[in-house]
Every structure is written in structure tokens, then in C-alpha cells.
Amino acid sequence: MKRPGDYDSLWVVIGGCDWRCKVAVALFDERELERIAKAYKEWEEKVVPEWLKRMPERMEEFTTLSGIPLKRVYTPLDLKDWDYMEKLGFPGDYPFTRGIHATMYRAKLWTMRMFSGYGGPEETNRRLKFLIEHGETGLSLAFDEPTLVGIDPDDPMAEGHVGIEGVNVASLRDMEIIFEGINLGEVTTNMTINPPAPVLLSYYVAVAEKQGVPYHKIGGTTQNDPLKEFIAQKTYVFPPEAAVKIAMDLVEWSVKNLPKWNPISISGYHIREAGATAVQELAFTLADGIEYVRQLIARGMDVDEFAPRLSFFFDAHINFFEEIAKFRAARRMWAKIMKDWFGAKKKRSMWLRFHTQTAGVSLVPQEPWNNIVRTAIEALAAVLGGTQSLHTNSFDEPFRVPSEFAAKIALRTQQIIAYETGVADVVDPLGGSYFIEWLTDEIEERAWRIIERIESMGGMLEAVKKGYPQREIAESAYRFQKELEEGKRFIVGVNIFRSDDIEEIRKVPLLEFDQEEIEERQKRRVKEVRASRNQERWRRALDNLRRAAERGENIMPYVLEAAKAYATIGEIMGVLKEVYGVYVEPPEY
Amino acid sequence: MKASSVDRLIELALEGKLRALGRLLTLVEHPGPEALEVLSRVAPRAGRAQVIGFTGIPGAGKSTLVSRVITHLRRRGYKVAVLAIDPSSPYSGGSIMGDRLRMQEHAADPGVFIRSIPTRGLKGGLSMAALAMIEVFDALGYDKIIIETVGVGQSEVDVAHAAHTIVVVTMPGAGDDIQMLKAGVMEIGDIYVVNKSDKPEANKTAAYLQFALEKEGIGRGEGWTPRLVKTSAVMGQGIDVLVDAIEEHWRYLKDTGLAARRVASRRVLLTRLMAEARLNAALSEVLEEMRGEVEAALEKDISGAFTLSEVLARRAAERVLKGSRAG
Amino acid sequence: MSSPPSTRGPEGRRYKVLVAKMGLDGHDRGAKVVARALRDAGFEVIYTGLRQTPEQVAMAAVQEDVDVIGVSILNGAHLHLMRRLMRKLEELGADDIPVVLGGTIPVIDIEPLKKMGVREVFLPGTSLAEIIEKVRRLAEEKRSREEGLAKVEG
Ligand code: B12
Ligand SMILES: Nc1nc2c(ncn2[C@@H]2O[C@H](COP(=O)(O)OP(=O)(O)O)[C@@H](O)[C@H]2O)c(=O)[nH]1
Ligand SMILES: [Mg+2]
């Protein structure tokens, strides 16, 4: 199998190559290029020094957040041997650099999907309805930490945590309340859940069944991306191998049973927020994806059977052009990987469909209203990069989960971009910019190098076990912090135009809820559930689950049965922990 | 520090105040008058505990295994102290909590005290600190003192030698190399453990090791036949057998009088290390003072400069004898 | 140029800082950045890793005899977790060890945290230089108090 990283510059020598690769066609005519080169040289040697004398540049070196050095200006000379058809083609066509659909936002705008949830199921049900009412087009559930690590609200480790960072879900009963009055046949729901993903998906499917929604109409996403748990999100439970096995169980089951479900959302977002650069985010995420594809193929599945169901999740950070280039490079790289490494045949298998979230980590408490502006710029980058779905952060991000007021502004930001600015009217409007195309190539090139490194370690599962991406990210996070410290990067209100106005921060109206009351309510409810369920069915379901796990079978059908029998999240995860063990992170820094 | 406050600290520590014990350990971590003070006061109480060294390559499962062993020792009624000599993370030089983290299930148990020894910035070196801490734990009634160390480098070898019982931990695939077993501490184990025996290659490694023990004369000797134990720290298998072997070795040492001999030699070593530390510190000071002189001599003629070493040594010794605060 | 202030006490021992994460909070970016900055500034740093209980953190602080405890909490459970930590430290006679906190802390919670005995609260955006300086001062203060051992006796 040839690998896309193997080509030298643009002379593509990938196996299974079609007409495009036989002759590389430069975009610009030789003689024209010579003329430009001459003029460029003159400009550099005569004009620029004059200007520099009168007006020195602000910095000695300009770099993107990934540290890619930037030139003063980009010209056709930077795309000398650049082959349009090979690099871009057309929207909806391989390699999909310009977008996965031919018509993109002219036909269908991205899904406006606001990550939400707090308190108990009642509070979250109200929040979802509020957002739907204000034009949100897809649902996205945020869970609290006890749920994220799969323990019940009355577990000692959950004390003081219930409902703060998202909604608490301990059993099917809670999921029923969250979706009261919401028809699961009409909405799609994203669930940011990882080790307990089989449990939450089961609760969701069980609610859908109760509402009479057939399996082929159940749509949405489970994040279910185990590798980035160790790398960045840190809600890991099981050791790496077991974690991957369980996640792949879900993917396999979902592909066979829920045709509209995205069983996995391969996430760069957390990786980026933990400190990675744009290039690292891209490389690590694709490397995770590669690992999953291999795992699924090893299970005997056909690439074209599952690949169309894989989805991705990226960050839209503040370094505007680098982000746009990153999204474009991502699509091109994934298409190559699927086609050339894994021999995918269907176009859909080559699509990199992705959700985007603006960069939470770029938002600060100092002069909090400025966060609205940052988010708008980041959201614009995501749209210009061709995202399928978008969450915009609220300006109160550095304080607490969003208030209704702040969440509405964040949603409105997307709507303004979609309906007022006109940026959605032309597909890939920045395509062809000398700078954007050069930067897209540069990011791709750098990401391939990292992927090669991971391949040489034996793939991402091995790399993660060795702590490679974890260390690289910690390194980048530290570097960024030092750059802020040294005045090489800026955050307005923080290290430039510094604001120490704590009164202004005090004015931010924060979401208020009675956490202790909610924790009590959730504890009470889970106890009621345990007392009122059919004990016989419940016990049998958990026994069967344990045996299936011990035999190494796909656990999904058994988790689903346990969910329907009102087994709690802590009980189901408890059985799995006994069989698979738990992960302890080596605390390196 | 006033002698009386050291007394008070010891008193509080004897009452079971963990905070006071933590402070005492800090006082003996670096050579100096305070360390001397503490040691001379606690030493009469010490000499009863069994010191157990767990040694083996990083990743063999020492910390995980120690945690299991602690559970069993606690069940048998012993108070347990752990000294973790964690090689700093090779990547950042950071984290010395790696070992502690794997033993966290005991963090709330007042009968277990875990202390990490920093691997840098110790004036008297790592072995001096470790040996001094052993005396403190021993004096304060800890029955079993476990030292986890990789066993590489002179100080770590010293520390391992000071243990009554050396448990060499290997894992499948790592114990097949006789040459490796002949290196340093590995050669003088009293108990050899093949950990991770939940892995398929474990039997092969165990067989190999058995062969090495029988034919290659590996082990400390002294009339004790080294034991071979297979464990799985994660699955909790073989721990009882291991703890039995540790106990058996302890009885053997006591019966033969070797236990006391080992305490004595550990103290000889500690005494020497403290003396060395003291001399070294004095020497540094003197050298600093005489730097100009030495440099000037060097410029003129090299042999003249080296002759100065004689002067340096004498002055350092004088300083120590005069009891300057050199230590 | 003056040399940076020392991160060693009078006896030449480095200041020892415990950087701790408690509860289920997995946000470790800030804790790691701060741990590293302190280490590079010359402190001896012990990082607890994730998912520790406040009681475990207090025990670790006592067993390792640290000079400062630096906690990082971003998950909104700070009032609950810090209350437990301070209680356990007091129980262990270790409430003389200064405790500082960083992370997602709404300004209205700073008051109650200080009342509990938290010495400094660092909001996002605090410079590393400021953190290093404040932690150093607290360590220095604690070391100079140590002479009399007043707390242990009390
Ligand atoms: C990055 C981030 C993430 C990353 C974390 C990656 C990682 N490994 O660290 C990812 C994407 C994985 C993530 C996940 C989640 N997150 Co988050 N996340 C953030 C975010 C955007 C930035 C935090 C950050 O790292 N900043 C950069 C670092 C350098 O800053 P810092 O930690 O604040 O540190 C500075 C100071 O605070 C101080 N400091 C910090 N610690 C210490 C320690 C010491 C000793 C000292 C002296 C100083 C100090 O010094 C540092 C330098 O100035 C914040 C919001 C925000 N903008 O702050 C939300 C936020 C913390 N997350 C939040 C939530 C809800 C979650 C999730 C629960 C979402 C979900 N439902 O799935 C999960 C939970 C993950 C988990 N395991 O716990 C909420 C918490 C709400 C609350 N407190 O009430 C926040 C506030 C966002 C929001 N408004 O909703 N998150
Ligand atoms: N399979 C298996 N893994 C183990 C066993 N004991 C420890 N480990 C794992 O080996 C790794 C290193 O363990 P650790 O105790 O830190 O080793 P140390 O460096 O020797 O202290 C960890 O990932 C442990 O979970 C065991 O008995 N079986
Ligand atoms: Mg260890």
C-alpha cells in the first residue's frame, strides 16, 4: 500500500493513480512566471527596502500559531508547479479540498448545533427547547463529569460535581426526561460522550423506541473517540486497548443497525484545546482516524461499509487563515488516506465531514464582551473552511456553562454569518488565493511528517501508549504560554491593552442554578430507579453483559438490554471495569 | 534549630502525627546539624524494621506490585513506609509522583506513609537521604520499609545493599538475558519476581530465570536460596506467595543474626556518607575561597596547581574538625 | 540586570510545591503549564496527576512535606473540593502550608475561598511571572516560620 506521505513535492506517485497524476500540469505558464519572478525580485530589492526604511515592520518574524513563518506577500511564484486539478478539483469531487458537496451552503447551510446541558434532565430539556425555538438546527448534549466518566450521582467521587458542567444522566429515566416533548425522529442529537458512549447511545435508542421512532430514523452522533481521551480530554476509564475495542464495538453495531447514526466523531477539538498547534491537531486527529479504520478492517468490515459513517470534529481558533487552510488540508488528506491507503471506492468514504467548535481557550475573563468578537471571527473561519456543523462559544465561556442570554448571542453570531454576510453564497471563496493555497500545502506537508512519525511508532494506539502526542501537546501548550509571556503573542486585555477591571467581570450575568438541590434530586432519582425496576430482568441483563465482555463479544446488544432494564450508568460501567480494568495516567508534564 | 524542638517533633511523630514525621524526614534529607540531631535521637529506637528493596527496570511493575504488597502487609497488621526513588521523567525532569500515584489506594490509610526522594538537588546525595529516612521510619515504628528503586547508578546500588531483603522485579521478555541479571543489584536478589505473569510469555521468562538461579549462581548467597515468584500485580495474583517469601526471608535473617549485621552495615554506610558530605561541603567552600590562588598557579605551572590539592584537603578537614557550619 | 530571586530556602533546600488536581476535573493544560513554569524557575515540583480526592492531596502534601500546595480547578466544584482540602489539612495539623488556587473561578467565589484560608486565587490570564513570584513569596514566608515549628506543636 502506497502512502500519500511518500510523494515528492507535487509529482504524485501514488499507486492506483488516475489520469490526474499522469501529467502534472502547472497552473502558470513558464514565461509568465519568469516575468513575475523578475518583477518580484525588483520589488524585493528596490521597493521593499525603501518602505522598510521609512516604516519598519512590526515584528522581525511573522508566524502562524503553528509557528509557520509567513512571507510578506504571496504570488504565483509560490504555486509554481501547482496543479489545480490535483490540488483542488471541484467541490464534491476528489480530493474534496473545496468542499464535500458540489453546492455546499448554497443548498444547505451548516447545522447550527449548540453544545448544551446543565443541571438535571429537567433544566436541560428546557434549554434544548429554548434553543430549538431560536432557530438551532441540531441538538448537542453536554454531560457533567460524573456522567462523562460513567459513575452514578451517589458515587463518592461524584460528590459536589453533579450537574455543574453538563447534564447528569444516570439511567434511562433521565434520558426520557431530557427528550420529553422532543421527537427523536425529527431532530439529530450529538452526544459528547466517550467511555460510556455505549450506555448513553443505548439510553437514547431506548427513548426513541419508546417514542415509536424506527431505527432507520434515529440520527445523531456519539463522540466515542477513545484515543483523544488519553491525549487530551481526560475522561478516560478503561486502558487504551480495551477502550478502543469498546468504541469499535459501538461503531460496528451502529453501522449495522442505525444507518443514520454517526457512531464516532474523531476529535481534534480537545487535542487543540489541550495545547496542540493547528498542524498537530490535524495530524493527531487523522492518525486517530487511521487507527480506527485499521481496527474496523481488522474486524472484517468492508471500508465502504463503515467509512461513510465516520465523522470528525475540529477547533476553529483565532489565527484566521491558518484555520481555513487547516480545514481544506484535512479534507484533501483524508480523501487520499481513504482512497490510497485503504482502497475506498465510494466517494462518501473519502469525505471528511466535520463539526467545528470555536476555540474556548481563546476566550478570557478580562473584558469578557470581547469574546463575542473572537467567536465571530473564529466562526467565520469555520464557515470559510467548509464545516458541516458549528458550535459557537458564549462570551461567558471562561466562567461557567453558558447562560441563556450568552448562548443566544452565540447562536445569533452564526445566523448573522449565514444570513447577512453573504459568505455562504460561493463555494470555497478563498480557493485560489496564492496565500491560502500555499498555506494549505504547507500545513498538509507538515502534518504528513507527524503522521509518518506516528506510523513509525506502529500507529496511534502505540504512540498514545508511549505518551508521544501527550508530551508534544504539553510542550506546545507551554511554548504558547511562554510566547504570551515574552510578548510574542497577544491577547487583548490580557498581555496587551491589559485590563485589571474586576468590576467589569463582576457585571457578567452568570447562569444560576442550585447545584446542591440538583445533586440531591439526581441522587434521589437514581435510588428510585434502582428500587422500582424489574430486578430479575436487571440482574440477568448485567450478568449477560459480563459474560459477553469476558468472551470478547460485541457488547452493544447487551448494554442496550441493560439500559432498557434500567441499569444505571455506574452499574453498567462497573461491570465493564471489572472485566477490562481501569486506566491510571502516568503524570508527566 | 533548637534541640528541644527536634525532641518535640519526635514526640509528636511518636504520637502518630504524620505532619511531624513528614517534617523529620525533611530534616534528614540534607546533611547538616539538624540531620545529625534527628538521627542521633531516633537511632536508639531504630533497628527493628525489615527494609525491603524492590528493584528492577522502569515499567516492570514495581510500583503496582508494591501497592499490592502493602495491602497484604497491612492485612497482616504491619505499619508500612515506602520510599520511592522515582527516576525523574526522562522527558521533562518533572514528576516524582509516578510511583505514589500507583499506590494512591493507600493514601488515606494512616498506617501507610509514602515519601518520594527527589533525584536532583540533594546535597548529600540520594543514598544518604534514603538511608537517613530509613532510620527515621524504623524508629517511629514502621515494621516494613519498602524502597522502590530502579537499581542503576552507584547511589541506588548503595541503597539496595542497605536493604534486608532485595526483591528483583522482572517482566516477561526482560528477564531472558543472563548478562542483564548479572548487572549490579540484579545479581544479588533474595527474591526474584516475574511480574505481569498474566502475559503469555511469562512462563518462558520464569523458566529461564529458574535456570539462571540454579546454574549461574545468581543471588546474594549467605546460605539463602533465592526464591522465584510469579505475580500479576494488576490481577492481584501471586502476591500472597511473594509476601510469604518476604516474611520467610526475614525470619531467616533474624535466626541467623544476619538481620542485625545488615542494620550495622547500613549504619556504617550512612556514617560514611555523612562524613563524605561534610567533607565535600567544606571542600567546596575552601575551593571557592582559593579559586584565585589555584587559577594563578595553573597559569604558571600545572604541577604547582595540583600540589595545591594537598592544601585544599587539609584545610577542608580542618574546617570539619573545627565544626564550621560546612555540612 | 539583577538575578532572579532564589527558589531555595536559607538551608539551600529547594522550595517544594505540590501541584494538585482534585475530583473528576480533567482540565490539565493549566496545571501542567504552571508545574513546568515553577520547575523551570527552580522549584521542586510534585504533580499529583488527575482524579485525586482532596483527602489524598492533603496526605500527599504532609507526607512529602511541601512548602506550597497549588491547586488547579476548572470544573466549577472548587467550593466543595477546597472546603474538603482545607478541612483535611487542618485535621492533619498542616494548615500552615499555604494553599493557592488557579482555574475557572467566578470572581464572586474569591471571597469565600479566601475565608476558607486560600491564600491566592489566580484567574485565567494570570502571567506565569506573577504566579512564580507569589508562590515563591509564600514558600519563603513558610520556611522562615518553620524555625519555631509552632504549628506542629499547636
Ligand atoms: C481547554 C478547555 C477544555 C479542554 C481541556 C484540555 C486539557 N487537557 O486541559 C477540553 C476540550 C478537553 C475540555 C473539556 C471539557 N470542558 Co473545558 N474548558 C477549556 C477552556 C476553554 C480553557 C481552559 C484552559 O486550559 N485554559 C488555558 C490554561 C493555560 O489556563 P488555566 O487553566 O485557566 O490556567 C491559568 C490560571 O487559571 C492559573 N492556574 C490554573 N491552574 C493553576 C494551578 C496553580 C497551582 C496556579 C498557581 C495557577 C493556576 O494559571 C494559568 C496561567 O494563567 C475552559 C474555558 C476557559 N476559557 O477558561 C473550559 C471549561 C473549563 N470547560 C468546561 C467544561 C464544562 C468542560 C467539559 C465538562 C465539557 C463537557 N460537558 O463535555 C469537558 C470536561 C473534561 C474533563 N475531563 O474534565 C467549563 C467548566 C464549567 C464550570 N467551571 O462551571 C469551562 C469553564 C467552559 C464553559 N464555560 O463551559 N475543556
Ligand atoms: N499486564 C500487566 N501489567 C502490569 C502489571 N503490573 C504493572 N503493570 C503495568 O505496567 C506499567 C508500569 O507499572 P509500574 O508499576 O509503574 O512500573 P515501575 O516503573 O516498575 O514502577 C503500568 O502500565 C502497569 O499498569 C501486571 O502484573 N500485568
Ligand atoms: Mg515505579
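Residues numbered from 1 in each chain as written. Chains lettered and ligands numbered in written order. Predicted model: local features only at pLDDT ≥ 70, side-chain atom pairs only at ≥ 80, totals over all residues. Heavy atoms only, no water.

Caption draft 1: Up close: the overall build of chain C. Of regular secondary structure, chain C possesses six helices and five strands. The N-to-C order of helical and strand elements in chain C reads β-α-β-α-β-α-β-α-β-α-α. For chain C, the C-alpha radius of gyration of 15 Å lies close to 15 Å, the compact-globule estimate for 154 residues. A principal-axis box enclosing the C-alpha atoms of chain C has dimensions of 40 × 40 × 25 Å. The proportion of buried residues among the 154 residues of chain C is 66%. Of the contacts made within chain C by residues no fewer than 6 positions apart, 71% connect residues no fewer than 24 positions apart. Per element, the accessible surface of chain C, about 5300 Å² overall, is 52% carbon and sulfur. (Helix = DSSP H or I, 4+ residues; strand = E, 2+ residues; numbered from the N terminus. Rg over C-alpha atoms; globule rule 2.2 N^0.38 Å. Buried < 20%, exposed > 50% of the residue type's maximum accessible area, 1.4 Å probe, protein only. Contact = heavy atoms within 4.5 Å. Areas by Shrake-Rupley, 256 points an atom, 1.4 Å probe, with all protein chains shown as cover.)

Caption draft 2: Highlighting the sheet that holds strand β1 (residues 111–116) of chain A. All names here are of chain A. With parallel pairing, the nine strands of this open sheet are ordered in space as β5-β4-β3-β2-β1-β9-β8-β7-β6. Lying at the two open borders of the sheet, with one neighbouring strand each, are β5 (261–262) and β6 (264–267). One ladder, built from three bridges, connects strand β8 (residues 354–358) with strand β9 (residues 389–391); its direction is parallel. In the sheet register, T356 faces β9, and the bridge partner there is L390. Packed onto the sheet, helix α7 (residues 197–211) meets β3 (189–191), β4 (220–222) and β5 and runs at close to 155 degrees relative to β3. (Pairing = 2+ DSSP bridges. Axes fitted to C-alpha atoms, helices over the stretch in contact; angles between N-to-C directions.)

Caption draft 3: Fine view of the confidence of the model for chain B. All names here are of chain B. Considering every residue of chain B, the mean pLDDT works out to 85; 88% of them sit at 70 or more. Across chain B, the element-wise mean pLDDT spans from 62 in helix α8 (residues 178–181) up to 97 in helix α10 (residues 239–256). In this model residues 89–93 is a low-confidence stretch, pLDDT under 50, and it forms nine contacts with partners more than four residues away in sequence or in other chains. (pLDDT = per-residue confidence, 0-100.)

Caption draft 4: Highlighting unusual backbone geometry. All names here are of chain A. Each neighbour pair has its own omega, and for Y94 with P95 the value is 0 degrees, a cis peptide bond. In this structure, P95 sits in the loop between α3 (84–87) and β1. The phi dihedral of K234 is positive, around 60 degrees, even though this residue is not glycine. By the secondary structure assignment, K234 is in the loop between α8 (227–233) and α9 (240–257). A relative accessible area of 2% means that K234 is categorised as buried.

Caption draft 5: Seen up close, the coordination of the cobalt atom of ligand 1. Of all protein atoms, just one serves as a donor to the cobalt atom of ligand 1, and that atom is C:H27 (NE2), at 2.1 Å. Assignment of secondary structure puts C:H27 in the loop between β1 (16–21) and α1 (29–40). (Donors = N, O, S within 2.8 Å, 3.2 Å for Na, K, Ca; no water.)

Caption draft 6: Region of interest: the sheet that holds strand β6 (residues 191–194) of chain B. Residues and elements named next belong to chain B. In spatial order, the strands read β3-β2-β4-β1-β5-β6-β7; together these seven strands make up an open sheet with parallel pairing. Among the strands making up the open sheet, the edge pair consists of β3 (112–116) and β7 (227–230). With direction set aside, neighbouring strand axes in the sheet form an average angle of 20 degrees. Inspection of the sheet shows strand β1 (residues 50–55) paired to strand β4 (residues 144–149) by six bridges, in the parallel sense. If you follow Q50 over to β4, its bridge partner there is K144.

Caption draft 7: Structural view of the environment of A:W341. Structurally, A:W341 can be placed in helix α13 (residues 320–341). Between the C-alpha atom of A:W341 and that of A:I290, which follows or precedes it by 51 residues, the distance is 9.3 Å.

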